[in-house]
Amino acid sequence: KFLADFGAEVIKVESPAGDWARTRGPFPGDRPDPEASALFANYNRNKLGVTLDISTPEGRTLLDRLVDAQAWEHYVAERYPDGKRFSLEGCEALLPLMDALVHGAAAADPSGSVVEYSLAEWNRVIAVNLTGAFLTVKHASSHLARSGRGSIVAISSIAAPLTHRYMTSYCVSKAGVEMLVRQAADELGVSGIRANAVRPGLVPTDISVGLTANEA
């Protein structure tokens, strides 16, 4: 999103089922519409979009056309809402070209207190935000190490060091991402791999007003 806002050509890749954010509001008139989600529009402003199924020959051909043969420019991952692990199947041929990795996948919390969270919702957020980051770093590191250099960047959040009421699993997952990055930097530095986290702050919007309002 930041790169697209600064003028870079960024391609949003969606599976045929569509991105999960399309199902989240707010919606105009409170009428759910996958083409009218304000959350999806905010996350994907200024991006190009394409629907891609890498499990099909046509999808893999299109993926090859999207990726520069000389460099890893687009990281593509399937996000599974039921908590299944991320997979790099279908992208193995591209991994030797990689010299940098940005992990930015994130799932949002349901609204509710820590005592109201279901285990399924907790596992979903942790699976995407933290386990997904771990698996991405784990499987990418060996390819970066072969070239003797590389860079790993994970997108954290101001929610990592500061509490955000009713966002427990998100805060915990982002704090975990920052420690994961510290561990990766400590262990992979000898292989010439840098690991850093970027911690964006909270942007005041209609969506975030509930997080900044003071209660009496």
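Because the structure is a prediction, the values reported are computed rather than measured.

Student: Which residues make up the overall build of the protein chain, and what values go with them?
Tutor: Of regular secondary structure, the protein chain possesses six helices and five strands. In sequence order, the secondary structure elements of the protein chain are arranged as α-β-α-β-α-β-α-β-α-β-α. Within the protein chain, the fraction of its 216 residues that count as buried is 36%. Long-range pairs, those at least 24 residues apart, make up 66% of the contacts in the protein chain with a sequence separation of at least 6. Only carbon and sulfur atoms are counted for the fraction: they give 56% of the accessible area of the protein chain, which is about 12,900 Å².

Student: Can you break down unusual backbone geometry residue by residue, with the values?
Tutor: Glycine aside, the phi torsion of most residues is negative, and most peptide linkages are trans. For the peptide bond that leads from Gly-25 to Pro-26, omega is 5°, which places it in the cis range. Residue position: Pro-26 is located in the loop between β1 (11-14) and α2 (38-43). Look at Asn-46: it is not a glycine, yet its phi comes out positive at around 70°. By secondary structure assignment, the location of Asn-46 is in the loop between α2 and β2 (48-51).

Student: Tell me about the sheet that holds strand β4 (residues 150-155), residues and numbers included.
Tutor: Here three strands make up an open sheet; going across it, the order is β3-β4-β5 and the pairing parallel. One side of each edge strand has no neighbouring strand; the edge strands of this open sheet are β3 (100-103) and β5 (193-198). Geometrically, the sheet is characterised by an average inter-axis angle of 10° between neighbouring strands, direction not taken into account. Of the strand pairs in this sheet, β3 and β4 are connected by four bridges, and their pairing is parallel. Bridging from a neighbouring strand, Ala-100 pairs with Ser-151 of β4. Its contacts with the sheet put helix α4 (residues 119-146) on β3, β4 and β5, and the angle it makes with β3 is roughly 175°. The strands touched by helix α5 (residues 168-188) are β4 and β5; relative to β5, the strand with the most contacts, the crossing angle is about 160°.

Student: Provide a residue-level description of the pairing of β5, including the pertinent values.
Tutor: Looking at chain direction, β4 and β5 are connected through six bridges and run parallel. Residue pairing across strands places Ala-154 opposite Ala-197, the latter belonging to β5. For the crossover from β4 across α5 to β5, the handedness is right-handed.

Student: How would you summarise the packing of α4 against α5 if you had to cite specific residues and measurements?
Tutor: At a minimum axis separation of 8 Å, α4 and α5 run at an interaxial angle of 15°. One element, α4, and the other, α5, form an angle in the roughly parallel class. As for how α4 packs across α5, the hand of that crossing is right-handed. Contacts from Trp-122, Val-125, Ile-126, Asn-129, Leu-130, Ala-133, Phe-134, Val-137 and Ser-141 in α4 reach Thr-168, Ser-169, Tyr-170, Val-172, Ser-173, Gly-176, Val-177, Leu-180, Ala-184 and Leu-188 in α5. Tallied by class, the residues present in the contact of α4 with α5 amount to 13 nonpolar, six polar and no charged.

Conventions we followed
- Residues numbered from 1 in each chain as written.
- Predicted model: local features only at pLDDT ≥ 70, side-chain atom pairs only at ≥ 80, totals over all residues.
- Heavy atoms only, no water.
- Helix = DSSP H or I, 4+ residues; strand = E, 2+ residues; numbered from the N terminus.
- Buried < 20%, exposed > 50% of the residue type's maximum accessible area, 1.4 Å probe, protein only.
- Contact = heavy atoms within 4.5 Å.
- Areas by Shrake-Rupley, 256 points an atom, 1.4 Å probe, with all protein chains shown as cover.
- Pairing = 2+ DSSP bridges.
- Axes fitted to C-alpha atoms, helices over the stretch in contact; angles between N-to-C directions.
- Right-handed = clockwise from strand over helix to strand, strands pointing away.
- Parallel < 35°, antiparallel > 145°, perpendicular 65-115°, else oblique.
- Left-handed = near helix turned anticlockwise from the far one by under 90°.
- Nonpolar A, V, L, I, M, F, W, Y, C, P; charged D, E, K, R; others polar.

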